[in-house]
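Spelled out from the first residue to the last, the chains are:
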Amino acid sequence: MIRSYLAVDIETTGLSPEQDRIIEIGAVRYIEGTAKEEFSMFVNPERKLPERIQNLTGITDEMLNDAPKEKEAIKKILEFCDGWILLGHNLPFDYSFLKTAAIRNEVDLGQRGIDTLALCRTLHSELSTRNLAAMCSYYGIVNERAHRALEDAKAAAKLYECLIERFGTNHSELFQETLFQYHPKKQEPITQKQKKYLLGLIQQYQLNLEQEVDQLTKSEASRKIDHIISTYGRTIVRK
């Protein structure tokens, strides 16, 4: 059974590793089930946060303005990971964002990890809901700052230790690391047609775009164009 690991959790601007960005990373090193060292960092996503993310996490644009950008943040968390086995609740989600960010910044991320959600699906098949909040409630784990990265990482580690205490003796084979793989979808750059149209919208409505237009992908540009049109009405700009 694995008792030394690095519990990790992230908060993001959305659900797509390719199109959304990490805004907070929290991690804790555990040795034989005991917390030894913490890592916590905001990440500037270089875009405005959706209102639903602000409401969910309590994180605001102002809190991220002076935070390190992705390139610096991903290198720091990878240094902290330093070959450790990762642990998290729904770890494939966190891993997909970390892996995509690592590839974007030409650094490497290991693939070994333990997913407490997968464990709960196997060991608690009788439960209808096995998200982190539900499992914390089930085991009496107090997580006063849910949906904040460091606190959720700690909660996942506490959950893992509860699962070991209850099931470890008879199901020790389940408490092993697995290999995670994620291959980011190829993102096409913004087209010249999109660029011309988007710049026209920005000029027409005197907008401040939080990202450089040239840095947008084709899908990101399409979403921004649709958002501007839905917000400001039918445009007179021609493609």
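Each value, and the rule that gives it
- Residues numbered from 1 in each chain as written.
- Predicted model: local features only at pLDDT ≥ 70, side-chain atom pairs only at ≥ 80, totals over all residues.
- Heavy atoms only, no water.
- Helix = DSSP H or I, 4+ residues; strand = E, 2+ residues; numbered from the N terminus.
- Buried < 20%, exposed > 50% of the residue type's maximum accessible area, 1.4 Å probe, protein only.
- Contact = heavy atoms within 4.5 Å.
- Areas by Shrake-Rupley, 256 points an atom, 1.4 Å probe, with all protein chains shown as cover.
- Lys, Arg positive; Asp, Glu negative; His and termini not counted.
- Charge placed at Lys NZ, Arg CZ, Asp CG, Glu CD.
- Salt bridge = Lys/Arg side-chain N within 4 Å of Asp/Glu carboxyl O.
- Core = buried A, V, L, I, M, F, W, Y, C linked by side-chain atoms within 4.5 Å.
- Axes fitted to C-alpha atoms, helices over the stretch in contact; angles between N-to-C directions.
- Left-handed = near helix turned anticlockwise from the far one by under 90°.
- Expected span 1.5 Å × (residues − 1).
- Pairing = 2+ DSSP bridges.

Undergrad: Looking at this structure, how should I read the overall build of the protein chain?
TA: Within the protein chain, the secondary structure is distributed over nine helices and six strands. Overall, the C-alpha framework of the protein chain stretches about 70 × 35 × 30 Å when taken along its three principal axes. Across the 239 residues that make up the protein chain, the buried fraction comes to 48%. In the protein chain, once contacts between residues fewer than 6 apart in sequence are set aside, the share between residues at least 24 apart is 70%. Total accessible area on the protein chain stands at roughly 13,000 Å², and carbon and sulfur atoms take up 47% of it. Placing the 32 positive and 35 negative side-chain charges of the protein chain at their respective mean positions leaves the two points 8 Å apart.

Undergrad: What exactly am I supposed to notice about the side chain of Glu-11 here?
TA: As for its placement among the helices and strands, Glu-11 is situated in strand S1 (residues 5-12). Buried and without a salt bridge, Glu-11 has Arg-148 as its closest oppositely charged side chain, separated by 6.5 Å. When near neighbours in sequence (up to four residues on either side) are disregarded, Glu-11 contacts Arg-21, Ile-22, Ile-23, Glu-24, Thr-57, Ile-59, His-147, Arg-148, Ala-149 and Asp-152.

Undergrad: Looking at this model, I keep getting lost on the nonpolar core. Mind explaining?
TA: Nonpolar side chains tend to gather and get buried jointly when the protein is soluble and globular. If you look at the biggest cluster of nonpolar residues, it comprises 28 residues, and the most contacted ones within it are Leu-159, Tyr-160, Leu-163 and Phe-175. Ranked by the residues each element gives to this core, the list is headed by helix H7 (residues 149-167), at 10 residues. Counting 24 residues, the second-largest nonpolar core is a separate cluster that includes Ile-25, Ile-77, Phe-80 and Leu-98.

Undergrad: Explanation requested: the packing of helix H8 (residues 192-205) against helix H9 (residues 218-232) in the structure shown.
TA: A packed helix pair is summarised by two numbers, namely the angle formed by the two axes and the spacing between the axes. Relative to each other, H8 and H9 sit at 30°, their axes nearing to 10 Å. Note on packing geometry: the crossing formed by H8 with H9 is left-handed. Along its contact with H8, which presents Gln-194, Tyr-197, Leu-198, Leu-201 and Tyr-205, the element H9 presents Lys-218, Ala-221, Ser-222, Ile-225, Ile-228, Ile-229 and Tyr-232.

Undergrad: I would appreciate a short explanation of the environment of Val-28 in the present structure.
TA: With respect to the helices, strands and loops of the structure, Val-28 is situated in strand S2 (residues 22-31). Here Val-28 falls in the buried class, since its relative accessible area comes to 1%. Remark: the alpha-carbon pair of Val-28 and Asp-94, spanning 66 residues in sequence, is separated by 15 Å. The residues touching Val-28, leaving out its near neighbours within four places in the chain, are Tyr-5, Leu-6, Ala-7, Ala-35, Glu-37, Glu-38, Phe-80, Leu-150 and Lys-154.

Undergrad: How do you make sense of helix H4 (residues 91-104) when you look at a structure like this?
TA: A turn of α-helix holds 3.6 residues, and therefore any two residues three or four places apart point the same way. With 14 residues, H4 extends 20 Å between its outermost C-alpha atoms, agreeing within 8% with the 20 Å of an ideal straight helix rising 1.5 Å per residue. Residues Leu-91, Asp-94, Tyr-95, Ser-96, Phe-97, Leu-98, Lys-99, Thr-100, Ala-101 and Ala-102 constitute the buried set of H4. Buried positions along H4 lie against S1, S2, helix H3 (70-81), strand S4 (86-88) and strand S5 (112-115). Immediately beyond the C-terminal end of H4, within one or two residues, lies Glu-106, with a positive phi of roughly 60°.

Undergrad: What's the story with the pairing of S2 in this structure? I'm lost.
TA: Each regular strand shows side chains that alternate between the opposite faces of the sheet. Along S2, nine of the 10 residues are buried, which leaves the element largely enclosed by surrounding structure. Bridge count between S1 and S2: eight bridges; the pairing is antiparallel. Each bridged residue has a counterpart across the sheet, and for Leu-6 the counterpart in S2 is Arg-29. Sheet topology places S2 next to strand S3 (residues 34-42); eight bridges connect them, and they run antiparallel. Residue pairing across strands places Ala-27 opposite Phe-39, the latter belonging to S3.

Undergrad: Any chance you could explain unusual backbone geometry here in plain terms?
TA: Among all residues save glycine, negative phi is the norm, and among peptide bonds the norm is trans. The phi dihedral of Asn-90 falls on the positive side, at around 60°, and the residue is not glycine. Positionally, Asn-90 belongs in the loop between S4 and H4. Despite not being glycine, His-147 shows a phi value in the positive range, around 70°. You can see His-147 is positioned in the loop between helix H6 (132-139) and H7.

Undergrad: When you look at the pattern of salt bridges in this model, what are you seeing that I'm missing?
TA: Side chains that differ in charge, positive against negative, can pair when their charged atoms come close. A complete count under the given rule lists 12 salt bridges for this structure. Put simply, Asp-108 and Lys-99 hold a salt bridge, and the shortest N to O gap is 4.0 Å. Owing to a relative accessible area of 64%, Asp-108 belongs among the exposed residues under this scheme. On the accessibility criterion, Lys-99 (12% relative accessible area) is buried.

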